[in-house]
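Residue strings, one per chain:
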Amino acid sequence: LMFERNVRDTSGLEPANFYHMVQFMIYDRDGNGKVSIDETMNMLYARLGRSKMETTITKLFGGEDGAPIVEVGEQGGEIDFDRYWIVSESEQIKLFDASELGQNLAEKRKNKK
C-alpha cells in the first residue's frame, strides 16, 4: 500500500519519509549502509522502465542538476543515506511545486507581495 501510494503520488503531498527509508534499505542489498549503482539499477529498471531509471540514477549518483555520474566507492559508485535523502526530498518538493496545489499556493504568495 505504501509503495502504491507513493509511486502514484502526483501532488508531492504523500507522506514519504518512511517510504524513502524503506526504499534505501531495499536497494542496499549487501547491508553496508550505502547503495551502489549496480544495486539500484536492476530494481529501478523493473519498476520504472529504462528512461525513468536512467534519469533517477543520474539524479541519485550524479552531481547537482544532472551532472555526470562520478564513481565513488565500489560497484560503480555508491551513495549513503544522506545523499539519497537529499535527492528524494528535492524531487518530492519539485513534484509538489509542479502540482496544481503547488502552483496555486505559489500564485497566492505572489499576489500577497
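Here, every reference points to the structure presented above.
Sequence order as written defines the numbering, with residues in each chain counted from 1. Since the coordinates come from a predicted model, pLDDT governs what is reported: local features require at least 70, and pairs of side-chain atoms require 80 or more to be given and counted, while whole-chain, interface and lining totals use all residues. Note: side-chain values were computed over all heavy atoms of the structure, leaving out hydrogens and water.

(A) Broad picture of a positive patch on the surface. Like-charged residues are merged into a patch within 9 Å and nonpolar side chains (Val, Leu, Ile, Met, Phe, Trp, Tyr) within 5 Å, provided each residue has over 30% relative accessible area and no salt bridge. Note on areas: Shrake-Rupley with a 1.4 Å probe; residue coverage comes only from the protein chains shown. Whenever Lys or Arg places a side-chain nitrogen within 4 Å of a carboxyl oxygen from Asp or Glu, that contact is recorded as a salt bridge. The charge count treats Lys and Arg as positive and Asp and Glu as negative. His and the chain ends do not count. For the purpose of locating charges, the reference atoms are NZ of Lys, CZ of Arg, CG of Asp and CD of Glu. Together, Lys108, Arg109, Lys112 and Lys113 make up a positively charged patch on the protein surface. In this fold, Arg109 is placed in helix α6 (residues 100–112). Only protein chains enter the area calculation, which uses a 1.4 Å probe; residues under 20% of their type maximum are buried, those over 50% are exposed, and those in between are partly exposed. Arg109 gets classed as exposed once you look at its relative accessible area, which sits at 55%. Starting at the N terminus, helices and strands are each numbered in turn, a helix being any DSSP run of H or I of at least four residues and a strand any DSSP run of E of at least two.

(B) Geometry of the packing of aromatic side chains. The criterion for an aromatic pair is that two Phe, Tyr or Trp rings (for Trp, the six-membered ring) have centres within 6.5 Å, with stacked assigned to planes under 30 degrees apart, edge-to-face to planes over 60 apart and tilted to the rest. Applying the stated criterion to the full structure yields 5 aromatic pairs. Taking the centre distance of 5.1 Å and the plane angle of 80 degrees together, the rings of Phe24 and Phe81 count as edge-to-face. Pair noted here: Phe24 is in helix α2 (residues 17–27) and Phe81 is in helix α5 (residues 81–98), with a separation of 57 residues, a long-range link. The exposure class assigned to Phe24 is buried, which follows from its relative accessible area of 6%. Ring centres of Tyr27 and Tyr84 lie 6.1 Å apart, and the angle between their planes is 75 degrees; this geometry places the pair in the edge-to-face category. With Tyr27 in helix α2 and Tyr84 in helix α5, this pair connects stretches of sequence that are 57 residues apart. Judged by its relative accessible area of 3%, Tyr27 falls in the buried class. One aromatic cluster in this structure is built from Phe24, Tyr27, Phe81, Tyr84 and Trp85.

(C) A look at the side chain of Asp28. With respect to the helices and strands, Asp28 occurs in the loop between α2 and β1 (34–36). For the buried Asp28, which has no salt bridge, the nearest side chain bearing the opposite charge is Arg29, at an N-O separation of 8.8 Å. Under the rule applied, a polar contact is a pair of N or O atoms within 3.5 Å (in protein, one hydrogen donor and one hydrogen acceptor; residues adjacent in sequence only if both atoms are side-chain atoms). A polar contact is formed between the side chain of Asp28 and the backbone nitrogen of Gly33, at a distance of 2.8 Å.

(D) Layout of the environment of Ile26. Positionally, Ile26 belongs in helix α2. On the basis of relative accessible area, Ile26 is assigned to the partly exposed category, the value being 33%. Contacts of Ile26, omitting those with residues within four sequence positions, involve Met43 and Arg47. Contact definition: two residues touch when any of their heavy atoms are within 4.5 Å.

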